[in-house]
Amino acid sequence: MTIPSAPRDVPQDRRGKRGRRLGPIADGAGAAHRAWLEPLRDAFHGSGLTLDELQVRTGWPKSHISELLRAVERYPRWAFVRTVLMVLKPRVSYEAMRLRWVLAARDAGKRTSWIKDCLHEAGGAGGRAVAAGPAPLDYLAFQEMHRPHYTRYAAAFLRRPALVEKAVGDAFTLLLLLWHDALASENPERFAWPILRQTVFEHTPKANGRPSLALAAFDTVALDTAPDPVGQVEETMALFRAVAELAPVQRDVVVLLHLCGLEDTQVADELGVSLASVRSTARHAKRNLHTILHPMSTAEEGHPRGLDH
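Residues numbered from 1 in each chain as written. Predicted model: local features only at pLDDT ≥ 70, side-chain atom pairs only at ≥ 80, totals over all residues. Heavy atoms only, no water.

Draft legend 1. Quick look at the overall build of the protein. What the protein contains, in helices and strands, is 17 helices and two strands. Counting only residues that meet the buried cut, the protein has 43% of its 309 residues in that class. Pairs at least 24 residues apart make up 65% of the contacts formed inside the protein by residues separated by at least 6 positions. Accessible surface, the protein as shown: approximately 16,100 Å² in total, 53% of it carbon and sulfur. (Helix = DSSP H or I, 4+ residues; strand = E, 2+ residues; numbered from the N terminus. Buried < 20%, exposed > 50% of the residue type's maximum accessible area, 1.4 Å probe, protein only. Contact = heavy atoms within 4.5 Å. Areas by Shrake-Rupley, 256 points an atom, 1.4 Å probe, with all protein chains shown as cover.)

In C-alpha cells form, the structure reads like this:
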C-alpha cells in the first residue's frame, strides 16, 4: 500500500487549521494493524479536531495520541485505543474495531494473556464487559460444534498435537473474551474464523511470509499408495507450496476441502459464508493453483495470474 504524503493525507479543509498535522503511518505497520488504524485516522481527519483538542477530550498526552495514530512505538493497549475510538467514532463498528485490534495484536506477537488483560482492563464504565465467571451456554455450544473442525484445520498446519491444542485453545479463549461482540455481529461463525486463522498462523512455520504446508506433504493418501514415493513427495510438496501462495480465503477453502476432508456445505458452515461462495472460491483457487504450477502454459492460454479473490 502506498503511503500518501502529509498534505494529501489531510483533507483540504483541515490544512489551514491551527495545530500540528498528523504524519503518515509508519512503514513498519502491517496490514492487520492498518485494518483498525486507517478507519481511526479517517475519523480523526473527518472530525475537524486538532491533536490538542483530542488530548483534552481523551485525557491522553498529545504525543501519545500522535504515536497511536501513526503506529510508532509499541503496539497500543486496547484501553488507549478504545478511549480515542469513543471520541472519534469511526464508521467501522465498535465490535469490528475491537476484533481487528485483537487480530493485529496477535500479528504483533502479543500473547493471549496480554490481550486478555487488555480487554479486562478496558471493561467497566462505558465499555463492554468481558468474559468473567462461567462461560455462556451458547458459547459452550458453539465451541462443542466447531472445535473438531477447528482442530482438523489447525492440524493441517501444525503437525505437533500440543501445538494444535494450544492454537485452538487460544482461539477459543479470545473468542470467549469477544463473545458479546460475536453475538452482536451479523454472523458468529464469520466473526470467529479470522481469530482461528490468525492464531494458527502465529504458530505455523513460515516460508516467504506465508504459512508452510510442507510437512503435510508427508501425510497424504497419495503418498501411501504411490509407486514412486520420492517423486510423489516432490509433486505433493510443489502443490502444497502453491496452496500456501493463495489468498487467505482461497487457502482456507482448499485446506478444509482437501486436507481436512470436509464437504462444501460443512466448509460454508465453518466460514460463515454461503455454499455458492465456497464453490466459487474453490473454482478460483483451482484456477490460481494451475497458474502457479504451470505458469508457461497459463501465459500461452492468456489466463491472468491474480491471487486476490
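Resuming the write-up.
Draft legend 2. Helix α14 (residues 248-259), seen in detail. Here α14 spans 15 Å end to end across 12 residues, near enough to the 16 Å set by a 1.5 Å rise per residue. For α14, the set of buried residues is Q250, R251, D252, V253, V254, V255, L256 and L257. (Expected span 1.5 Å × (residues − 1).)

Draft legend 3. How the structure looks around the pattern of salt bridges. Summed over all chains, the structure comprises 10 salt bridges. With a closest N to O distance of 3.0 Å, K62 and D52 form a salt bridge. Of the two residues, K62 sits in helix α4 (residues 62-70) while D52 sits in helix α3 (residues 51-58), which places them 10 residues apart along the sequence. A salt bridge links D264 to R279, with the shortest nitrogen-to-oxygen separation between them at 3.0 Å. Here R279 lies in helix α16 (residues 275-293) and D264 lies in helix α15 (residues 264-271), a separation of 15 residues in the sequence. (Salt bridge = Lys/Arg side-chain N within 4 Å of Asp/Glu carboxyl O.)

Draft legend 4. Looking closely at the packing of aromatic side chains. Applying the stated criterion across every chain, the model contains 13 aromatic pairs. With a centroid separation of 5.3 Å and an interplanar angle of 20°, the aromatic rings of Y150 and F172 are classed as stacked. Residue Y150 is located in helix α8 (residues 137-157), and its partner F172 is located in helix α9 (residues 161-177); the two are separated by 22 residues in the primary sequence. With relative accessibility at 1%, the residue F172 sits in the buried group. With 5.6 Å between their ring centres and 80° between their planes, Y150 and W193 make a pair best called edge-to-face. Here Y150, found in helix α8, pairs with W193, found in helix α11 (residues 188-203); they are 43 residues apart in sequence, far enough to count as distant. In this structure, Y150 and W193 share a single accessibility class: buried. The ring of W114 has K110 lying over it, and the distance from NZ or CZ to the ring centre is 4.8 Å. (Phe/Tyr/Trp six-rings, centres within 6.5 Å; stacked < 30°, edge-to-face > 60°. Lys NZ or Arg CZ within 6 Å of the ring centre and 35° of its normal.)

Draft legend 5. Focus on the environment of L51. Here L51 shows up in helix α3. On the basis of relative accessibility, which here comes to 2%, the residue L51 falls in the buried class.

Draft legend 6. Focus on the environment of H203. Mapped onto the elements, H203 comes out in helix α11. Separated by 45 residues in the primary sequence, H203 and L158 place their C-alpha atoms 7.4 Å from one another. Ignoring sequence-local partners within four residues, the contact set of H203 consists of R106, L158, L163, K166, A167 and D170.

Draft legend 7. How the structure looks around helix α2 (residues 31-47). A rise of 1.5 Å per residue sets the reference length of α2, with its 17 residues, at 24 Å; its end C-alpha atoms lie 24 Å apart and thus fit the reference within 8%. The largest bend in α2 is about 30°, located at L37, with the proline P39 one to four residues further on. Positioned one or two residues after α2, G48 has a phi angle of 80°, which is positive. (Bend = angle between axes of the 7 residues up to and from the residue.)

Draft legend 8. Looking closely at the layout of surface pockets. As a volume, the largest pocket reaches approximately 1,000 Å³. If you go around the largest pocket, you meet 31 residues; those closest to its centre are L103, P194, R197, Q198 and P248. Listed by contribution, the elements that provide at least two residues to the lining of the largest pocket are α2, α6 (94-107), α11, α14 and α16. (1 Å grid on protein atoms, 1.4 Å probe; cavity = no way out; pocket = protein on both sides within 12 Å on 5 of 7 lines; lining within 4 Å. Points joined across faces, edges and corners; volume = space filled by probe spheres on them.)

Draft legend 9. The arrangement of the packing of α8 against α9 in detail. One way to put it is that α8 packs onto α9 with a least axis distance of 10 Å and a crossing angle of 145°. The two elements α8 and α9 meet at a crossing, and its hand is right-handed. For the pair formed by α8 and α9, the contact residues are Y139, F142, Q143, H146, R147, Y150, T151, A154 and A155 on the first element and V164, V168, F172, T173, L175 and L176 on the second. The residue inventory of the contact of α8 with α9, partitioned by class, reads 10 nonpolar, four polar and one charged. (Axes fitted to C-alpha atoms, helices over the stretch in contact; angles between N-to-C directions. Left-handed = near helix turned anticlockwise from the far one by under 90°. Nonpolar A, V, L, I, M, F, W, Y, C, P; charged D, E, K, R; others polar.)

Draft legend 10. Just the environment of L174, in detail. The topology assignment puts L174 in helix α9. Separated by 18 residues in sequence, L174 and A192 place their C-alpha atoms 9.2 Å apart. Those residues in contact with L174, other than ones at most four positions away along the chain, are V102, R106, T112, I115, I195 and T199.

Draft legend 11. Quick peek at the confidence of the model for the protein. This prediction gives the protein a mean pLDDT of 80; 76% of its residues lie at or above 70. For the protein, per-element mean pLDDT is lowest for helix α1 (residues 6-9), which scores 38, and highest for α15, which scores 97. Counting interchain partners and residues more than four positions distant, the pLDDT-below-50 stretch residues 220-233 has 10 contacts. Below pLDDT 50 for its whole length, residues 304-309 participates in 17 contacts with residues either more than four positions away or in separate chains. (pLDDT = per-residue confidence, 0-100.)

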